[in-house]
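Each chain, letter by letter, is given below.
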Amino acid sequence: MASTADIRNGLCIKHNHDIYKIIEFLHVKPGKGPAFVRTKLKSLTNGKVLDNTFSAGHKIDVVRVETHTYQYLYAEGNLFHFMNTESYEQISLNKDVLDNPDLLKEGTNVMVQINTETDLPLSVDMPASIVLEVTYAEPGVKGNTATNATKPAKVETGASVNVPLFINEGDKIKIDTATGKYIERV
């Protein structure tokens, strides 16, 4: 058992008969009343995000996890197949477990957190950014250059991303995997 002082980003805990991963937290000490911790929790079973407040000193049940590097192989319906880069063991995960499955390119290495008690995968952490090739983008219209003008573009994984007007088909772009937004042309 741990207390609220041990809360940090990425910590996996048992809460309300489910396993949650802490996305954000904030220790608050108001001038009047007891201290508390505001958290944003993401369910590792269904992907729902909820806000929760723990009072200071509240006991939390920490889930022990191990992180391993897996390589994304292919998708089959709602199942995504990954291979452990050390043991070559393959696992299949549901699409709901992934944060941005549309941006996952075959051969990409991801970090998979596995519950040590049950040996079941809990979550998949994608790299911070990924480089993808633009397969379709409408040409930018000359004179349509208001500040921050963007257009939709399709990338090689099938995802749609808003990009600046100067991006054309065949360009490689860097995309933030957390937000799914364009960062820069590579």
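Let me begin by describing the structure that accompanies this report.

About the cut-offs
- Within every chain, residues take consecutive numbers counted from 1 along the sequence as written.
- Per-residue local features of the predicted model are confined to residues with pLDDT of at least 70, and side-chain atom pairs are confined, for both listing and counting, to 80 or more; whole-chain, interface and lining totals are unaffected and use all residues.
- Side-chain metrics rest on all non-hydrogen atoms present in the structure, leaving aside hydrogens and water.
- The pairing criterion is simple: DSSP has to find at least two bridges between the two strands.
- Runs of E in the DSSP output that reach at least two residues are strands. Runs of H or I that reach at least four are helices, and both are numbered from the N terminus.
- Burial classes follow relative accessibility: with a 1.4 Å probe on protein chains only, a residue under 20% of its type's maximum area counts as buried, one over 50% as exposed, and anything between as partly exposed.
- Salt bridge, as applied in this entry: a Lys or Arg side-chain nitrogen positioned within 4 Å of an Asp or Glu carboxyl oxygen.
- We call two residues contacting when some pair of their heavy atoms lies within 4.5 Å.
- Structural elements are reduced to axes, namely lines fitted to C-alpha atoms, with helices fitted over the stretch in contact, and the angle between N-to-C directions of any two is expressed from 0 to 180 degrees.

### So, the pairing of strand β6 (residues 59–62)
Of the pairings in the sheet, the one linking strand β1 (residues 2–3) to β6 comprises 2 bridges and is antiparallel in character. Residue Ala2 lies in a different strand from β6, and its bridge partner there is Ile60. The sheet contact formed by strand β2 (residues 12–15) and β6 spans 2 bridges and is antiparallel. Note on β6: the bridge partner recorded for Ile13 is Val62.

### Some remarks on unusual backbone geometry
With phi around 60°, His17 is a residue other than glycine that occupies positive phi space. On the secondary structure map, His17 appears in the loop between β2 and β3 (18–28). We classify His17 as exposed; its relative accessible area is 90%. Look at Asp119: it is not a glycine, yet its phi comes out positive at around 60°. The topology assignment puts Asp119 in the loop between β10 (109–115) and β11 (121–125).

### Looking at the pattern of salt bridges
According to the stated counting rule, one finds 6 salt bridges in the structure shown. Salt-bridge contacts for Glu117 lead to Lys14; the nearest nitrogen and oxygen are separated by 3.7 Å. Of this pair, Glu117 sits in the loop between β10 and β11 while Lys14 sits in strand β2, and the two are 103 residues apart along the sequence. With a shortest N-O distance of 3.7 Å, Glu133 and Lys172 are connected by a salt bridge.

### Describing the environment of Leu50
Of note, Leu50 is situated in strand β5 (residues 49–55). With residues up to four places along the chain from it excluded, the contact list for Leu50 reads Tyr20, Thr39, Lys40 and Leu41.

### Some details on the sheet that holds strand β12 (residues 129–137)
Strands sit in the order β14-β13-β12-β15-β16 across an open sheet of 5 strands; the sheet is antiparallel. Each edge of the sheet is formed by a strand with only one pairing partner; in this case those strands are β14 (160–164) and β16 (182–185). If you compare each strand with its neighbour and ignore which way they point, the axes differ by 50° on average. Note: β12 against strand β13 (residues 150–155), 3 bridges, orientation antiparallel.

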